[in-house]
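# A look at the structure
Given next are the chains, with one letter for each unit.
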Amino acid sequence: MEENTQKKEKGLAGRKVSADKKTNIKIDAKYSIKYFEGRRSELREIFNSIKSDLQEQADYFSPNSVRFIARNVNKPRVRSKKILDSTTLIAVRNFASGMMTGATSPTRRWFKTGVMNKDVENNWAVKNWCARQAELSRNILYSSNFYQLLPEVYDQLAVFLFSCLSMESDYETVVNFKCLPIGSYYYSKNHRGVVDTLCRNYMESARNLVNEFGFENCSEKVQEASKTRPNDLFEIVHFVEPNQEYKEGSPISAQKKFISVYYEVTEKNKYLRKSGFDRFPYVVFEASCNGEDNYPSKGLGAYALPDAKQLMSMVKEYAKAIKKMVTPAYKGPAALKNADLSDAPGHFNETDENGNGLSPVYEVNPRVLELKDGINEMRESIKSIFYNDLFAMILNTAERGRTATEVNELKEEKMVLLSPLLEQIHTALKQILDWLFYEELKVGILPEIPEELQGQDIEIEFVSTLAQAMKAQNIASMERFTTFVANMGQAIDPVLLKKIQGEKMIDDYADFANIDPAQITPTDEIMKYRAAMEQKQQQAEQLAAMQQGSEMVKNMGGVDAFGGELMQRLGMG
């Protein structure tokens, strides 16, 4: 097993793997709790610059997704008084559902493993191994809680322009994930714009703290609570950042690439755990950032916020108009002030001695139909910003009598608008799949690596419904090209058909269409079959030539001719 693991590490072009150590270690004195509290204050100050914007977006789109105070865990659900129309909630829900179905559906092969070296990418052994490894990763993700958390990830990404998943090794399911509430963590990036520092604040019960970190590593308050009040909650900080004492390949936890510390907020002299990671244990999904900004500022929630405010204002005014029409304020004679009056159907109301009764204080005739049309337009605008029209393209266009060609053109147009966001999501998903690959390598469950793959770099390619839609133009181009060559060969010269490399075209088409390599006959087998067919054809031609020669000899020599006479007849005697 050890030899096999070493072979795998050697064969994957620099992907060096070692297990994350989770035991307490001694770290240089500069890594004190005071140091990390100072770093936490720095990150909090940066985050506070966008806190008000996040709260405003939460008020209109997702009231229960933020937790700026860790102690607010298990509090009653927040009901935003600013949401007067459910369109904003539905639009976000439809976006999350559409991304789940279109980009990361658990029922589809939405990603596959490939190799960066194009010279070996069509090798059957390599393609078969890549298919098996991708299938293993899909099974692991399916057995974990990954797909349960993705809708919340997409929800937060749409509304707040970023979201975060924590990744943990798990004995039962290989991996385990957690979606962090907005406001419960801060992060920063390196010079390449990659998130490499994250500080998380959360509440945990005394029982779970003892089980996770050990009784002796917890504070006296946690130890006491675990005996009498195990469900009491304590505020915990988890801080991960690049380790200044990093040494590549070192098995010592203090020298891992990232330093990791857990401690109680109220405990200043004792860590719950000090350890290290070879790989960053968090992945942040982000929309577009403006230059060197730490947090994204361009995304769906930011774009839809003005429309959401306008919609709520219009809905409020519409309700006022309807109320004034249905239940207006009345005026009438003072004598009827204490009279038993009612607006119930069929009820008789008295008038004064002059026959005067009640009447509205003022006549209201608002143009409610125009106002309602404006509300509907605003609703459609919000849904369009969250790509609801793209995810329901076929349904929406079929009702309008559009042709299949028009629908396809509209899809391609919408895909152009969605592609930037989809690429940003793919960047985060690649980090998850890359982290998962190392977990598979660490626990020794990867398939046996073929010799052809030794020394090659592997890569992830996304082949979900949305990703395939973006690649559909490649397939269409191949089909048009083969049709063109076939027509040219038939009309001008059959030799022109040799311009097409059939095996390569089929392999490329299968890649674009996400066909399982097991369903494609290897090119080597096709070459062997072609060689056998050519050999049979040559043998048949030789046999036909021999038969033709025999007939010639027979016709020229006659049935009674003997050798010497035949030679003379041929002028050879």
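Residues numbered from 1 in each chain as written. Predicted model: local features only at pLDDT ≥ 70, side-chain atom pairs only at ≥ 80, totals over all residues. Heavy atoms only, no water.

## Details of the sheet that holds strand β8 (residues 273–277)
- Spatially, the 5 strands line up as an open sheet ordered β4-β5-β6-β7-β8, and their pairing is antiparallel. Taken across any chain shown, the strands that pair with only one partner, and hence form the sheet edges, are β4 (185–189) and β8. Looking at each pair of strands side by side, their axes are set apart by 15 degrees on average, direction ignored. (Pairing = 2+ DSSP bridges. Helix = DSSP H or I, 4+ residues; strand = E, 2+ residues; numbered from the N terminus. Axes fitted to C-alpha atoms, helices over the stretch in contact; angles between N-to-C directions.)

## Observations regarding the packing of aromatic side chains
- Applying the stated criterion across every chain, the model contains 24 aromatic pairs.
- Between Phe 36 and Phe 239, the aromatic rings sit 5.2 Å apart at their centres with planes inclined by 55 degrees, giving tilted as the arrangement. One end of the pair, Phe 36, is in helix α2 (residues 33–61); the other, Phe 239, is in strand β6 (residues 233–242), and 203 residues separate them in sequence. One exposure class covers both Phe 36 and Phe 239, and it is buried.
- Ring centres of Phe 213 and Tyr 262 lie 5.0 Å apart, and the angle between their planes is 55 degrees; on these two criteria the pair is classed as tilted. Taken together, the positions of Phe 213 in helix α6 (residues 206–213) and Tyr 262 in strand β7 (residues 258–264) put the pair 49 residues apart, joining distant regions of the chain.
- For Phe 213, a relative accessible area of 7% corresponds to the buried category.
- Tyr 262 gets classed as buried once you look at its relative accessible area, which sits at 13%. (Phe/Tyr/Trp six-rings, centres within 6.5 Å; stacked < 30°, edge-to-face > 60°. Buried < 20%, exposed > 50% of the residue type's maximum accessible area, 1.4 Å probe, protein only.)

## What about the environment of Leu 233?
- Structurally, Leu 233 can be placed in strand β6.
- Judged by its relative accessible area of 36%, Leu 233 is partly exposed.
- For Leu 233, the contacting residues outside a window of four places in its chain are Val 73, Asn 74, Met 203, Glu 204 and Ser 205. (Contact = heavy atoms within 4.5 Å.)

## Considering the packing of helix α3 (residues 87–103) against helix α9 (residues 368–385)
- Where α3 meets α9, the axes come as close as 9 Å, and the angle between the chain directions of the two elements is 25 degrees. In terms of orientation, α3 and α9 fall into the roughly parallel class. Crossing geometry of α3 relative to α9 is assigned as right-handed. Contacts between α3 and α9 involve Thr 87, Thr 88 and Ala 91 on the former and, on the latter, Arg 379, Ile 382 and Lys 383.
- Its residues placed into classes, the contact of α3 with α9 shows 2 nonpolar, 2 polar and 2 charged. (Parallel < 35°, antiparallel > 145°, perpendicular 65-115°, else oblique. Left-handed = near helix turned anticlockwise from the far one by under 90°. Nonpolar A, V, L, I, M, F, W, Y, C, P; charged D, E, K, R; others polar.)

## Some words on the pattern of salt bridges
- Enumeration over the complete set of coordinates arrives at 18 salt bridges.
- The shortest N-O distance in the salt bridge between Asp 59 and Lys 82 comes to 3.5 Å. With Asp 59 in helix α2 and Lys 82 in the loop between α2 and α3, this pair connects stretches of sequence that are 23 residues apart.
- The exposure class assigned to Lys 82 is partly exposed, which follows from its relative accessible area of 39%.
- Put simply, Glu 286 and Lys 189 hold a salt bridge, and the shortest N to O gap is 3.0 Å. (Salt bridge = Lys/Arg side-chain N within 4 Å of Asp/Glu carboxyl O.)

## Things to note about the nonpolar core
- The biggest cluster of nonpolar side chains holds 93 residues, and the ones touching the most others in it are Phe 146, Leu 165, Phe 285 and Phe 386.
- Sequence-distant contacts of Phe 386, that is, excluding residues within four places in its chain, are made with Phe 61, Ala 91, Val 92, Phe 95, Ala 158, Leu 300, Gly 301, Ala 304 and Phe 391. (Core = buried A, V, L, I, M, F, W, Y, C linked by side-chain atoms within 4.5 Å.)

## As for the pairing of strand β3 (residues 174–179)
- Two strands pair when backbone bridges link them, and strand β2 (residues 162–170) and β3 are joined in this way by 6 bridges, in the antiparallel orientation. Counterpart to Met 167 in the pairing with β3 is Phe 177.
- Between the end of β2 and the start of β3, which pair antiparallel, lie 3 residues.

## Observations regarding the environment of Val 240
- Mapped onto the secondary structure, Val 240 falls in strand β6.
- If we skip the residues at most four places from it in the chain, Val 240 touches Asp 196, Thr 197, Leu 198, Phe 258, Ile 259, Ser 260, Phe 280, Pro 281 and Tyr 282.

## Observations concerning the sheet that holds β2
- Spatially, 3 strands are ordered β3-β2-β9 in an open sheet, and the strand pairing comes out antiparallel. The open sheet has two edge strands, β3 and β9 (282–286), and neither has a second partner. Within this sheet the neighbouring strands show an average axis-to-axis angle of 25 degrees, counted without direction.
- Summarising the sheet, β2 and β9 pair through 5 bridges and their orientation is antiparallel.

## Some details on α3
- Taking 1.5 Å of rise per residue, 17 residues should cover 24 Å, and α3 covers 23 Å from first to last C-alpha, within 8% of that figure.
- Residues of α3 that are buried: Thr 87, Thr 88, Ala 91, Val 92, Phe 95, Ala 96, Gly 98, Met 99, Met 100, Gly 102 and Ala 103. (Expected span 1.5 Å × (residues − 1).)

## Thoughts on the packing of α2 against helix α8 (residues 300–326)
- For the pair α2 and α8, the least separation of the axes is 10 Å and the interaxial angle reads 55 degrees. Viewed along their axes, α2 and α8 adopt a mutual orientation that is oblique. In terms of crossing hand, the pair formed by α2 and α8 is left-handed. Across the interface between the two elements, Glu 56, Gln 57, Tyr 60 and Phe 61 from α2 touch Gly 301, Ala 304, Leu 305, Ala 308, Lys 309 and Met 312 from α8.

## Digging into the pairing of β4
- The element β4 is largely enclosed, with a buried count of 4 among its 5 residues.
- With 5 bridges connecting them, β4 and strand β5 (residues 195–205) associate as antiparallel partners. When the bridges of β5 are listed, Ser 188 appears paired with Thr 197.
- Hairpin connection from β4 to β5: 5 residues lie between these consecutive antiparallel strands, with Gly 193 at a positive phi of about 80 degrees.

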